[in-house]
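Below, each chain spelled out in residue letters.
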Amino acid sequence: MSGAEFAVRFLLIPATIIAIIWFLWALPSWLRRSSFRPGQAWTSEPLWVGAPAESGAINRAALESATPGNGTDDRGGASARW
Amino acid sequence: MAPTIEEAQVLAGEELRTIDVTRIEEAVAREHERCGVDFSVYVGPLAEGRESALALHSQFGANAPLAVLVAVDPGSRATEIVTGAKARRWVDDRACALATLSMVSSLSAGDLIGGICHGLTTLGDQARHPSALHTDLPE
């Protein structure tokens, strides 16, 4: 067995198989991961899934002035930063 | 009435791909099916932090007491959960704190969509309750 044949049979072919397995393993997480990374500036319009049907658009005046609205005391929730 | 996948209103969000938005829509619809709570997800700037999240929640108007808003500000790395007065019966503050913990673990790893979906799943798990016949309908 020549040196080139040895390299192909015992190094190149196993390395190729390992690379293919690694690619197939990593592909789903690449597809799931969004293109946006937290910490980047959010430059486009906000996304709101399940927005109030009657509003049709985000009430920017209320958002920017941060008017909490009625019933603030009865509401709950939690806050976190990362 | 919580939105279904078809009814869910989606406002812009060019930083996210269509598949990302679809995952959030599916999670919102799935958790509503599981526990009956009206979940909503906002991703964008929250200039005043929690006050901004409360202002968004107020836009639900008459539906606000039954609504649960999950708001994420990726730019300032902050997340807020606001529960309506009636929704707190099933999603209490401890459940919200648990959900924010599960969200932060993914968000800090850079997985924005995964963090939102994990948070919704945690809230849905905590909000599950046995249906009481004839008395479980929203007012």
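Because the structure is a prediction, the values reported are computed rather than measured.

**Student:** Can you break down the overall build of chain B residue by residue, with the values?
**Tutor:** If you tally the helices and strands in chain B, you get 4 helices and 3 strands. Helices (α) and strands (β) of chain B occur, in sequence order from the N terminus, as α-β-α-β-β-α-α. The buried share of chain B, reckoned over its 139 residues, is 53%. Partitioning the contacts of chain B with sequence separation of at least 6, the portion at a separation of at least 24 is 55%.

**Student:** Would you mind going over unusual backbone geometry in detail, with residue names and values included?
**Tutor:** Residue and element names in this part refer to chain B. At R77, a position not held by glycine, the phi torsion is positive, near 55°. Within the secondary structure layout, R77 lies in the loop between β2 (67-73) and β3 (78-83). Judged by C-beta crowding, with 15 C-beta atoms within 10 Å, R77 ranks as partly exposed.

**Student:** If you had to explain the sheet that holds β3(B) to someone new, which residues and values would you point to?
**Tutor:** The 5 strands are arranged β1(A)-β1(B)-β2(B)-β3(B)-β2(A) in an open sheet whose pairing can be described as mixed. Across the chains shown, the open sheet's two edge strands, defined by having one partner strand only, are β1 (47-49) and β2 (76-81) of chain A. Going across the sheet, the axis of each strand differs from the next one's by a mean of 10°, ignoring polarity. Sheet topology places strand β1 (residues 38-43) of chain B next to β2(B); 6 bridges connect them, and they run parallel. Across the sheet, Y42(B) pairs through a bridge with A71(B), a residue of β2(B). Against the sheet, helix α1 (residues 18-35) of chain B contacts β1 of chain A together with β1 of chain B, and its axis sits at roughly 160° relative to β1(B). Its contacts with the sheet put helix α4 (residues 112-127) of chain B on β1 and β2 of chain B, and the angle it makes with β2(B) is roughly 155°.

**Student:** Explain the pairing of β1(B) to me, and be specific about the residues and the numbers.
**Tutor:** Summarising burial for β1(B): 6 of the 6 residues are buried, a large majority. Where the polypeptide runs from β1(B) across helix α2 (residues 50-58) of chain B and back to β2(B), its parallel neighbour, the crossover connection is right-handed.

**Student:** A description of the packing of α1(B) against α4(B) should follow, citing residues and the corresponding values.
**Tutor:** The geometry of a pair of packed helices is captured by two quantities: the angle between their axes and the separation between those axes. Residues and elements named next belong to chain B. Two numbers describe how α1 lies on α4: the axes approach to 9 Å, and their chain directions differ by 5°. With respect to α4, the axis of α1 lies roughly parallel. For the pair α1 and α4, contact is made by D20, R23, I24, A27, V28, E31, R34 and C35 and by I113, I116, C117, L120, T121, L123, G124 and A127, respectively. Classifying every residue of the contact of α1 with α4 gives 10 nonpolar, 2 polar and 4 charged.

**Student:** Can you explain α1(B)? Please cite residues and give values.
**Tutor:** With 18 residues, α1(B) should reach 26 Å at 1.5 Å per residue; the first-to-last C-alpha distance of 26 Å fits that figure. Along α1(B), the positions that sit buried rather than exposed are D20(B), V21(B), I24(B), E25(B), A27(B), V28(B), A29(B), E31(B), H32(B) and C35(B). Along its buried surface, α1(B) packs onto β1 of chain A together with β1 and α4 of chain B. Taken from the residues just after α1(B), G36(B) is the one with a positive phi, measuring 80°.

**Student:** Now, about the packing of helix α3 (residues 93-107) of chain B against α4(B): what can you tell me, with residues and values included?
**Tutor:** Residue and element names in this part refer to chain B. Running from N to C, α3 and α4 point in directions that differ by 160°, and their axes come no closer than 8 Å. For the element pair α3 / α4, the angle class is roughly antiparallel. The two elements α3 and α4 cross, and the hand of that crossing is right-handed. Residue-level inspection shows A95, L98, A99, T100, S102, M103, S106 and L107 of α3 in contact with α4, the latter providing L112, G114, G115, I116, H118, G119, T122, L123, Q126 and A127. Looking at the contact of α3 with α4 residue by residue, the class counts come to 9 nonpolar, 9 polar and no charged.

**Student:** So what about α4(B)? Which residues, and what values?
**Tutor:** Its 16 residues place the ends of α4(B) 23 Å apart at the C-alpha level, agreeing with the 22 Å of an ideal helix rising 1.5 Å per residue. Across the 16 residues that make up α4(B), a large majority, 13, are buried.

**Student:** How would you sum up the nonpolar core? Please name residues and give values.
**Tutor:** In summary, soluble globular proteins display a tendency toward joint burial of nonpolar side chains. In terms of nonpolar packing, the biggest core is built from 48 residues, with I24(B), V41(B), V68(B), L69(B), V70(B) and I116(B) touching the most fellow members. Those elements giving two or more residues to this core turn out to be β1 of chain A together with α1, β1, α2, β2, β3, α3 and α4 of chain B. If you tally residues by element for this core, the top one is α4(B), at 7 residues. Discounting residues that sit within four places of it in the chain, V70(B) has contacts with F39(B), V41(B), I81(B), I116(B), G119(B) and L120(B).

Calculation rules
- Residues numbered from 1 in each chain as written.
- Chains lettered and ligands numbered in written order.
- Predicted model: local features only at pLDDT ≥ 70, side-chain atom pairs only at ≥ 80, totals over all residues.
- Helix = DSSP H or I, 4+ residues; strand = E, 2+ residues; numbered from the N terminus.
- Buried ≥ 20, exposed ≤ 12 C-beta atoms within 10 Å, placed from the backbone.
- Contact = placed C-beta atoms within 7 Å.
- Pairing = 2+ DSSP bridges.
- Axes fitted to C-alpha atoms, helices over the stretch in contact; angles between N-to-C directions.
- Right-handed = clockwise from strand over helix to strand, strands pointing away.
- Parallel < 35°, antiparallel > 145°, perpendicular 65-115°, else oblique.
- Nonpolar A, V, L, I, M, F, W, Y, C, P; charged D, E, K, R; others polar.
- Expected span 1.5 Å × (residues − 1).
- Left-handed = near helix turned anticlockwise from the far one by under 90°.
- Core = buried A, V, L, I, M, F, W, Y, C linked by C-beta atoms within 7 Å.

That is the geometry; function is a separate question.
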